[in-house]
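# Observations on the model geometry
Single-letter residue listing:
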There are 2 protein chains.
Amino acid sequence: MAKQRSHNPDHSSAYPAPVRELLEELARLPGIGRRSAERLALHLLKSDAADAMSLADAIARVKTEVGQCPVCFNFTDGDACAVCRDERRDPSMVLVVEQPRDLISLEQTGMYRGVYHVLLGRISPLEGVSEDDLTIGALLARIDTPERNAGGARVEEVILGLNPTLEGDGTALYLQQAVAKRGVKVSRLARGLPTGSQLEYANKAVLADAILGRQSVR
Amino acid sequence: MAKQRSHNPDHSSAYPAPVRELLEELARLPGIGRRSAERLALHLLKSDAADAMSLADAIARVKTEVGQCPVCFNFTDGDACAVCRDERRDPSMVLVVEQPRDLISLEQTGMYRGVYHVLLGRISPLEGVSEDDLTIGALLARIDTPERNAGGARVEEVILGLNPTLEGDGTALYLQQAVAKRGVKVSRLARGLPTGSQLEYANKAVLADAILGRQSVR
């Protein structure tokens, strides 16, 4: 094909405009690069119109129908969230997490029967996130005014479930002081060796936690 | 937390229904597992409603506005596709590819100035795809009836650009016979060592192609 010479290539116009626009929208999603966006767009082009439309609808619905629980800031498609509404839960125990994702992970253990409070972040001076940017005020209001807690119950224990990071620990310290001041019991999720791991590969901080937090087995 | 006992976990209800539906739709996409679907859904939940809606709209638009070029079966948002409409292209030369994706890749080289024909697959006895399931009839019609080709031009050369696989080669052989019978020149994309590769790592088939297809450099 030696006789072919490069003409103005105008790559982007190789796809029709609606495809290019979809590519751009998809490439904006986290973890979706240009190549994945292209694979997804071509999949959507090939798939049944009904299937593609139900994805479009699901995206639209999630934005119009899902909000925040007024009590704990978990996702909800109604007023209070499924956890706060559940009468089998013990609303006197409030587990504080950073994000709804953390709540879901804890729920999946099936081991916790209290309720939650989602901070929607952690105190992060570096990112300019202060205590006022989080839902700490609403947490303290649940403690001070039982009517604002799930089922109108008095909060008796706050369990700190922030991430075991520098900023999570800083936020936990702040909360610990604010909550203890109100005469409410404060605990935090246990730290130690992750089950299934190998001691020889654990780092110093994990080993230190495991030693300091050693649990009696008598 | 020894006093906590596992209660009915009901994991799936941890997310509100619209979020679960979005998770299911996302997890259906190719290369998107359960975890990625969750990350994408949580991103959409957090992002501006306007951003999420423009993704939903882009998906809907691509299904309503993008169709197939009646000449070459490339994607198009109008009648004939951008390549077939482009008067700078030479419609006497038709490069046959399996999928629109292949056409895009070839366009991105900027080295080809003819037009295309997208088969929308390859003959695959194992997957039950026969010659009648592809757009081979339309390709032959473009040759037999110049009015059905881009710009009403007579087809003088068909370049086979199928994938260098067993099924691609089988399809190429079928096309070669059908096209040659019509007195039209048939060629295929060159095979040989991929530029940038190392000879010592090339497999036998590639080396055989390179030897048999050796190109004169005088």
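Heads up: these notes are all about the structure in this document.

Thresholds applied
- Residues numbered from 1 in each chain as written.
- Chains lettered and ligands numbered in written order.
- Predicted model: local features only at pLDDT ≥ 70, side-chain atom pairs only at ≥ 80, totals over all residues.
- Pairing = 2+ DSSP bridges.
- Helix = DSSP H or I, 4+ residues; strand = E, 2+ residues; numbered from the N terminus.
- Right-handed = clockwise from strand over helix to strand, strands pointing away.
- Core = buried A, V, L, I, M, F, W, Y, C linked by C-beta atoms within 7 Å.
- Buried ≥ 20, exposed ≤ 12 C-beta atoms within 10 Å, placed from the backbone.
- Contact = placed C-beta atoms within 7 Å.
- Axes fitted to C-alpha atoms, helices over the stretch in contact; angles between N-to-C directions.
- Arc of directions from axis to C-beta.
- Parallel < 35°, antiparallel > 145°, perpendicular 65-115°, else oblique.
- Left-handed = near helix turned anticlockwise from the far one by under 90°.
- Nonpolar A, V, L, I, M, F, W, Y, C, P; charged D, E, K, R; others polar.

## Comments concerning the pairing of strand β6 (residues 185–188) of chain B
Residues and elements named next belong to chain B. Bridge count between strand β5 (residues 157–160) and β6: four bridges; the pairing is parallel. Note on β6: the bridge partner recorded for Val158 is Val186. With respect to chirality, the unit in which β5 leads through helix α7 (residues 166–180) into the neighbouring parallel β6 is right-handed.

## A word on the nonpolar core
Ala41(A), Ile59(A), Cys72(A), Val96(A), Ile59(B), Cys72(B) and Val96(B) are the most contacted members of the largest nonpolar core, which totals 108 residues. Residues within four places of Ala41(A) in sequence aside, it is in contact with Val19(A), Leu22(A), Leu23(A), Leu26(A) and Val62(B).

## Considerations on the sheet that holds β5(B)
Residue and element names in this part refer to chain B. Taken in spatial order, the four strands make up an open sheet running β4-β3-β5-β6, and their pairing is parallel. Single-partner strands in this sheet number two, and they are β4 (114–118) and β6. Mean inter-strand twist for the sheet, computed between neighbouring axes without regard to direction, equals 30 degrees. Note: strand β3 (residues 90–97) against β5, four bridges, orientation parallel. The residue of β5 that forms the bridge with Leu95 is Ile159.

## Some details on helix α1 (residues 17–27) of chain A
When α1(A) is considered as a whole, its buried residues turn out to be Pro18(A), Val19(A), Leu22(A), Leu23(A), Glu25(A) and Leu26(A). The buried residues of α1(A) all sit within an arc of 165 degrees when viewed along its axis, so they share a single face. Packing partners of the buried residues in α1(A) comprise α2 (34–46) of chain A together with α3 (49–65) and β2 (75–76) of chain B.

## Some thoughts on the packing of helix α3 (residues 49–65) of chain A against α3(B)
Two elements in contact, α3(A) and α3(B), have axes whose closest approach is 9 Å; the angle formed by their N-to-C orientations is 165 degrees. The angle between α3(A) and α3(B) falls in the class roughly antiparallel. Relative to α3(B), the crossing made by α3(A) is left-handed. Residue-level inspection shows Ala49(A), Ala52(A), Met53(A), Leu55(A), Ala56(A), Ile59(A), Ala60(A) and Lys63(A) of α3(A) in contact with α3(B), the latter providing Ala49(B), Ala52(B), Met53(B), Leu55(B), Ala56(B), Ile59(B), Ala60(B) and Lys63(B). Grouping the constituent residues of the contact of α3(A) with α3(B) by class yields 14 nonpolar, no polar and two charged.

## So, the sheet that holds strand β5 (residues 157–160) of chain A
Working definition: the strands of a sheet are paired by backbone hydrogen bonds and lie parallel or antiparallel to each other. Residues and elements named next belong to chain A. The sheet built from four strands is open, its strands ordered β4-β3-β5-β6 with parallel pairing. Each of the sheet's edge strands pairs with one partner strand only, and the pair in question is β4 (114–118) and β6 (185–188). Neighbour-to-neighbour, the strand axes of this sheet turn through a mean angle of 30 degrees, independent of strand direction.

## Some thoughts on the interface of chain A and chain B
The interface is formed by 53 residues belonging to chain A together with 52 residues belonging to chain B. When residues of the side of chain A that touches chain B are traced back to their parent elements, those giving at least two are α1, α2, α3, β2 (75–76) and α5 (100–109) of chain A. The biggest single contributor to the side of chain A that touches chain B is α3(A), with 13 residues. Partitioned by chemical class, the residues of the side of chain A that touches chain B number 30 nonpolar, twelve polar and eleven charged.

## Notes on the packing of α1(A) against α3(B)
Two elements in contact, α1(A) and α3(B), have axes separated by 9 Å at closest approach and are oriented at 155 degrees. In terms of axis orientation, α1(A) runs roughly antiparallel to α3(B). Between α1(A) and α3(B) lies a crossing whose hand is left-handed. Along its contact with α1(A), which presents Pro18(A), Val19(A), Glu21(A), Leu22(A) and Glu25(A), the element α3(B) presents Ser54(B), Leu55(B), Ala58(B), Ile59(B), Arg61(B), Val62(B) and Glu65(B). When its residues are assigned to classes, the contact of α1(A) with α3(B) shows seven nonpolar, one polar and four charged.

Purely spatial values, then, with no claim about function.
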